[in-house]
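Coordinates in review
Listed here are the chains, written in short residue letters.
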Amino acid sequence: MGADIGVYGLGTMGSALALNLAERGFAVAVSNREPEWIDPFLKEADGLDGAVSGHAELSDFVAAIQAPRTILFMIPSGKPMDAMIDAVRPLLAEGDTVIDGGNADFNATRARNDALDGTGVHFVGMGVSGGEEGARHGPSMMVGGSDHAWSQFRPMAEAIAAKFEGDPCVAHVGPDGAGHFVKTVHNGIEYADMQMIAEVYGVKRDLAGLAPAQIGAMFERWKTGRLSSYLIEIAADVLGAVDPETGKPMIDVIRDAAGQKGTGRWTVIEALKLGQSASAIEAAVGARGWSSEKEARVAAEAALSPGAQEYALPSEGDLEAAMLAGRILSHAQGFRVMTAASDAFDWSLDMARIAEIWRAGCIIRSALLDQFADAFRGALPQGHMILAPSMVALLEEALPGLRRVVAAASLAGQPMPALSAALAWHDSMAKGRGTADMIQGLRDRFGAHGFERVDQEGQHHGPWA
Ligand code: 6PG
């Protein structure tokens, strides 16, 4: 009997998933580009329920897996993945499945899927969230690919996934690039949530003048409330930590320049291509970009005067409300982008199920996701999550706080890109008559682009000379 699954790539995520599979009793064949990584991995896997075998040669690795084969690749996305498909393809047979479990651009996943279409080999693009800890003990997984591939992989995926009240946090969300798209949007929402947490921290640090541990205590209080979530939990940890080298709060020795690998940016690019704007996510991506211009910001602080005005320091309750409203609005934007993609690519994405598989295991897991799933299962006017009755009620309660926080930040000259973008989106959506009549008038005035009238059918032009 061959192995149930092959895992290629023994980096952090690959080895954690392989150990998770072995722990659940699956027989796992492993391989790695650098063969010297295999033995240490086998030592680590020793004693787990599933038999684990290591193979330095790709052909031996493939031969060790029971047909029809399921092979999970946990390698860098992009060129390495294409090279790997080329290398493994001749060794595979009809019905075998290749899974790319990395953070890949869904456009590349669709192209790889097309390239393998008709060869009998199935390609799956799978988003895996939860970091090393999640991969080892229960990630959230978003699977895109054929029904055949899913039926092969499903028992293993459900066994290793995080569970929310017994429900495995994994789903076959759609065909070809759907899984990687959903993971990309997950990461976009992750960017927005982290940026909003950082903005709230900024108010407490810069306007209230609190020490990190005091701000950490606020996040600690929020852990069990309406904002209960993994990111709020670890915000409390980050603010409570002390640098062993200097004895200072850890946060105070971390340079304020954020890195990014691209998934947040992809969300924004794809949103714009689909005629959407996930503005809170966009603000978060942009803020990371600005953060890396550290020297320019230091020079600008000395050169520019913000014209700050008198403001009322936001209360903890208002900050909590702002974070709650911001979180709802940024998720709603993410779901809106997924709806647009689902329509454009004919994916039939089930938003309620996506919210459900994010309830545990992934980085954005939060108490709100259960409510988002319920919102999508109920009547949803215009298909917009913010119009679900439960969300209307939550937003009504939280909006005054968000508004006061954004207003205070604006008066104080305290940057709040994501929370203010979320509020601007809310206010734009909540206005039946917007100001695009002016845009249309201007377009027609300078370029005869035409406009629709409110009282007649067809395209019209204004009486400009
Ligand atoms: C997850 C994370 C994970 C990773 C991101 C971080 O869901 O487990 O999103 O995929 O941490 O790639 O991305 P940045 O480096 O761009 O912040």
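Everything below is about the structure printed above this text.
These remarks concern the structure in this document. One numbering rule holds for all chains: residues counted from 1, following each sequence as written. Confidence filtering applies because this is a predicted model: local features only for residues at pLDDT of at least 70, side-chain atom pairs given and counted only at 80 or more, and all residues used for totals across whole chains, interfaces and linings. The side-chain values count all of the structure's non-hydrogen atoms but skip hydrogen atoms and water molecules.

Observations regarding the site of the ligand
Throughout, the term near means that a residue has one or more heavy atoms lying within 4 Å of the molecule or strand in question. Surveying the vicinity of the ligand reveals 14 residues, the closest of which are Ser129, Glu190, Tyr191, Lys261 and Arg288. Nitrogen and oxygen atoms within 3.5 Å of one another constitute a polar contact, given that in protein one can donate a hydrogen and the other can accept it, and given that sequence-neighbouring residues count only through two side-chain atoms. Between Asn187 and the ligand, the recorded distance is 3.0 Å, taken from a side-chain N or O atom to an oxygen atom. Segments assigned H or I by DSSP are reported as helices when at least four residues long, segments assigned E as strands when at least two residues long, and all are numbered from the N terminus. Here the shell around the ligand takes five residues from helix α8 (residues 178-207), the largest share from any one element. Gly is put with the polar residues, along with every residue not named as nonpolar or charged; the nonpolar set is Ala, Val, Leu, Ile, Met, Phe, Trp, Tyr, Cys and Pro, and the charged set is Asp, Glu, Lys and Arg. Looking at side-chain class alone, the shell around the ligand contains two nonpolar, eight polar and four charged residues.

Points about the pattern of salt bridges
In what follows, salt bridge is the name for a side-chain nitrogen of Lys or Arg lying within 4 Å of a carboxyl oxygen of Asp or Glu. In the structure shown here, the tally under the stated rule is 25 salt bridges. The shortest N-O distance in the salt bridge between Arg359 and Asp167 comes to 3.1 Å. Here Asp167 lies in strand β9 (residues 167-168) and Arg359 lies in the loop between α15 (351-357) and α16 (368-377), a separation of 192 residues in the sequence. Burial classification: accessible surface area is computed with a 1.4 Å probe over protein chains only, and a residue below 20% of its type maximum counts as buried, one above 50% as exposed, and the rest as partly exposed. Looking at Arg359, the relative accessible area reads 13%, which means it is buried. Bridged by salt links that share partners, the residues Asp167, Arg353, Glu356, Arg359, Asp370 and Arg377 form one connected network.

Things to note about the pairing of strand β4 (residues 70-73)
Each regular strand shows side chains that alternate between the opposite faces of the sheet. Where burial is concerned, the two faces of β4 agree: the one with Thr70 and Leu72 and the one with Ile71 and Phe73 are both buried. For two strands to count as paired, DSSP must find a minimum of two bridges between them. In the sheet, strand β1 (residues 5-8) pairs with β4 via three bridges, with the strands oriented parallel. Within β4, the position partnered with Tyr8 by the bridge is Phe73.

Considerations on the nonpolar core
Grouped together as the largest cluster of nonpolar side chains are 90 residues, with contacts concentrated most on Phe219, Phe335, Met338 and Trp358. Just so you know, the domain bounds were taken from an automatic or database domain assignment. The two domains that each donate at least three residues to this core are domain 1 (5-176) and domain 2 (183-429). Should any heavy atoms of two residues lie within 4.5 Å, those residues are considered in contact. The residues touching Met338, leaving out its near neighbours within four places in the chain, are Phe181, Val182, Val185, Leu349, Met351, Ile354 and Trp358. The definition of a nonpolar core used throughout is a set of buried Ala, Val, Leu, Ile, Met, Phe, Trp, Tyr and Cys residues joined through side-chain atoms within 4.5 Å. By size, the runner-up hydrophobic cluster in this structure holds 32 residues, among which are Val7, Ala22, Ala45 and Ile160.

A short note on the state of the cysteines
Any two cysteine sulfur atoms lying within 2.5 Å of each other are counted as a disulfide. Within this structure, the stated rule accounts for zero disulfides. With no disulfide of its own, Cys169 lies closest to Cys362 among cysteine sulfurs, the gap being 7.4 Å. A relative accessible area of 1% places Cys169 in the buried class.

Considerations on the side chain of Asn32
Topologically, Asn32 is positioned in the loop between β2 (28-31) and α2 (38-45). Only 2.8 Å separates the side chain of Asn32 from the backbone nitrogen of Leu10, close enough to count as a polar contact. A polar contact is formed between the side chain of Asn32 and the backbone oxygen of Glu34, at a distance of 2.9 Å. The residues contacting Asn32, other than those within four sequence positions of it, are Tyr8, Gly9, Leu10, Trp37 and Ile38.

Some points on the sheet that holds β2
Taken in spatial order, the eight strands line up as β3-β2-β1-β4-β5-β6-β7-β10 in an open sheet, and their pairing is mixed. Edge positions in the sheet fall to β3 (52-54) and β10 (170-174), since each of these pairs with one other strand and no more. Adjacent strand axes in the sheet meet at a mean angle of 25° when their direction is disregarded. Relative to strand β6 (residues 122-129), strand β5 (residues 97-100) is paired through four bridges, and the arrangement is parallel. Across the sheet, the residue bridging to Ile99 is Val124, located in β6. To get an axis, fit a line to the C-alpha atoms, keeping to the stretch in contact for a helix; angles then go from 0 to 180 degrees between the N-to-C directions. Running at roughly 155° to β10, helix α7 (residues 147-160) makes contact with β1, β4, β5, β6, β7 (140-144) and β10 of the sheet.

Re the packing of aromatic side chains
For any two aromatic rings, the description comes down to two numbers: the centre-to-centre distance and the angle of the planes. Between the rings of Phe, Tyr and Trp (Trp by its six-membered ring), a pair exists once the centres lie within 6.5 Å; its type follows the angle of the planes, with under 30 degrees stacked, over 60 edge-to-face, and the other angles tilted. Tallied over the entire structure, the rule returns ten aromatic pairs. Between the aromatic rings of Phe106 and Trp347, the centroid separation amounts to 5.8 Å while the plane-to-plane angle is 80°, which identifies the pairing as edge-to-face. With a gap of 241 residues between them, Phe106 in helix α5 (residues 106-116) and Trp347 in the loop between α14 (316-345) and α15 connect regions that are remote in the sequence. One exposure class covers both Phe106 and Trp347, and it is buried. Note on Phe335 and Phe376: the rings are 4.8 Å apart at their centroids and 55° apart in plane angle, and the pair reads as tilted. Of this pair, Phe335 sits in helix α14 while Phe376 sits in helix α16, and the two are 41 residues apart along the sequence. Assessed through its relative accessible area of 15%, Phe376 is described here as buried. One aromatic cluster is present, built from ring pairs that chain together Phe106, Phe181, Phe345 and Trp347.

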